[in-house]
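Observations on chain architecture
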Amino acid sequence: MQDLSRAEQQVFSVLWRNKKGLTRKSIAKFTELSKATISRVIQQLKEKKFVKESDPLPTTDKGRPYSILKVNNEKLLIGGVYIHSKTMNVVLGDLSGRVKHARSLDHSRNDVLEKLYELPKITGNSFEEDMSKVLVFSIVTPGIVDEVTGSVIKSFYTPKKMVNLKHLGCEWKTTLEIENDANALLVSEMLLGSIPSKDAMYIDREFGASLVLNGKIFRGPHGGAGEFGHLQIDPSGPQCWCGKKGCVSAYFDPKNLKQNFSDLVPNSSQKMNDHSFLDFLSEMYSENHSKEFIRLFEQLLDKLAAAITNVVDLLGLETIVLNNLNPFFSGKAVDYLRKKVFELSMRHAELEMIILKVTEQKLLRTPLAVSIARILGVI
Ligand SMILES: [Zn+2]
């Protein structure tokens, strides 16, 4: 796909956000473009099959007949794949983000790339759609994505090395967009969900974070922004795997927590897997366990609140989005966290904390949202 021009993006964006369609006059009001520019751009968007126009409708008063312009959902196809730790979900859909075809593929840590190479076969055989007809195809992946080079590092399938995915776009003859999973989910919720803000921080279940500033993902020069988990809360705190001491991730490391809470939790809980143990701690707090347990748990939440507040105050953010699959972002734990962050932050009157309920359906449409964001020019 040849990227849309700035004016085309502007017109397409207002039509995309106004699903019922708009007249030329309303488009002019929203975009502040001249009448002549709007006519030219609409003609271009119609030729590219992004936009369709209704037959002229007669007006009830003496005005000229007018037509309604809408996003053309019948002609163009977008798609993507979301790489999870054991499966990847391939999806194709329309320009509005509606899923048309979806399929889940199992993979192991070692064959993620092989499975990616097979995707055109999947879209051809299972969906009867040609990959080269897909306008934009997005790869949503854990790890750090360098936008410029198209390489992924620090993901479960890229041990100690960098994996470059950019060439897949040429092979598949489609426009490829590669996006980190936390960034992608935030973009998806802003475009297709109910997060209205143009500036927000999103924290996921492993304390990775994404930032949207001025309506755009903030990545840093090489995609490394958003390492919320490695904010140092106490330089003499527990050792973190990153080399520093006292990072958020170190305080919330299940191994450290098992040790710190060992006198306060039943012995059997020590055998739980990491996720179950964290869920268990959060549930114990919600059930008002012993005073000593509550004190220790709230000390932990105080550290998390301090880290969140530091970022909020530094950037002047007004929206915090928390993934509800993180055990510390649910139940009574998140109530306490909210109270603390509001107490500590300097602009608390404007602050909003949204708990994002991550569902299968939301994850499925996420790659489509990334493809739409590419077309709209917002990532
Ligand atoms: Zn660290």
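Residues numbered from 1 in each chain as written. Predicted model: local features only at pLDDT ≥ 70, side-chain atom pairs only at ≥ 80, totals over all residues. Heavy atoms only, no water.

Turning our eyes to something else, we now look at the coordination of the zinc ion. Each protein donor to the zinc ion is listed here as His-230 (ND1), Cys-240 (SG), Cys-242 (SG) and Cys-247 (SG); together their distances run 2.0 to 2.4 Å. Here the zinc ion is ringed by four donor atoms whose angles at the metal span 102 to 125°, and the overall shape comes out tetrahedral. (Donors = N, O, S within 2.8 Å, 3.2 Å for Na, K, Ca; no water. Tetrahedral: all angles 85-135°; square planar, octahedral: opposite > 155°, others 65-115°.)

The next thing to look at is the environment of Val-11. Relative to the elements of secondary structure, Val-11 occurs in helix H1 (residues 6-17). The exposure class assigned to Val-11 is buried, which follows from its relative accessible area of 0%. As for Val-11 and Ile-320, which are separated by 309 residues in sequence, their C-alpha atoms are 30 Å apart. With sequence-adjacent residues up to four places away left out, Val-11 is seen in contact with Ile-27, Thr-31, Leu-33, Val-41, Ile-42 and Leu-45. (Helix = DSSP H or I, 4+ residues; strand = E, 2+ residues; numbered from the N terminus. Buried < 20%, exposed > 50% of the residue type's maximum accessible area, 1.4 Å probe, protein only. Contact = heavy atoms within 4.5 Å.)

Let us now look at the pairing of strand S15 (residues 352-356). Across five bridges, the pairing between strand S14 (residues 319-323) and S15 is parallel. Residue pairing in the sheet places Leu-322 in a bridge with Ile-355 of S15. For the handedness criterion, the β-α-β arrangement of S14, helix H12 (residues 331-344) and S15 is classed as right-handed. (Pairing = 2+ DSSP bridges. Right-handed = clockwise from strand over helix to strand, strands pointing away.)

On to the domain arrangement of the chain, then. Here the chain is partitioned into domain 1 (6-71), domain 2 (77-195 + 361-376) and domain 3 (200-358). Of note, the centres of domain 1 and domain 2, computed from C-alpha atoms alone, are 31 Å apart. Contacts between domain 1 and domain 2 engage seven residues on the former and nine residues on the latter. For the pairing of domain 1 and domain 2, the buried interface totals around 800 Å² over both sides, and the portion due to carbon and sulfur atoms is 70%. When the buried surface of domain 1 facing domain 2 is broken down by residue, Gln-9, Trp-16 and Phe-50 rank first, second and third, together holding 60% of it. Taken together, the links from domain 1 to domain 2 amount to zero salt bridges. The interface formed by domain 1 and domain 2 includes two residue pairs in polar contact (both at pLDDT 80 or more). Considering each element in turn, the side of domain 1 that touches domain 2 owes the most residues, five residues, to H1. (Domains from an automatic or database assignment. Buried area = accessible area lost by both parts, 1.4 Å probe. Salt bridge = Lys/Arg side-chain N within 4 Å of Asp/Glu carboxyl O. Polar contact = N/O pair within 3.5 Å; in protein donor to acceptor, adjacent residues only side chain to side chain.)

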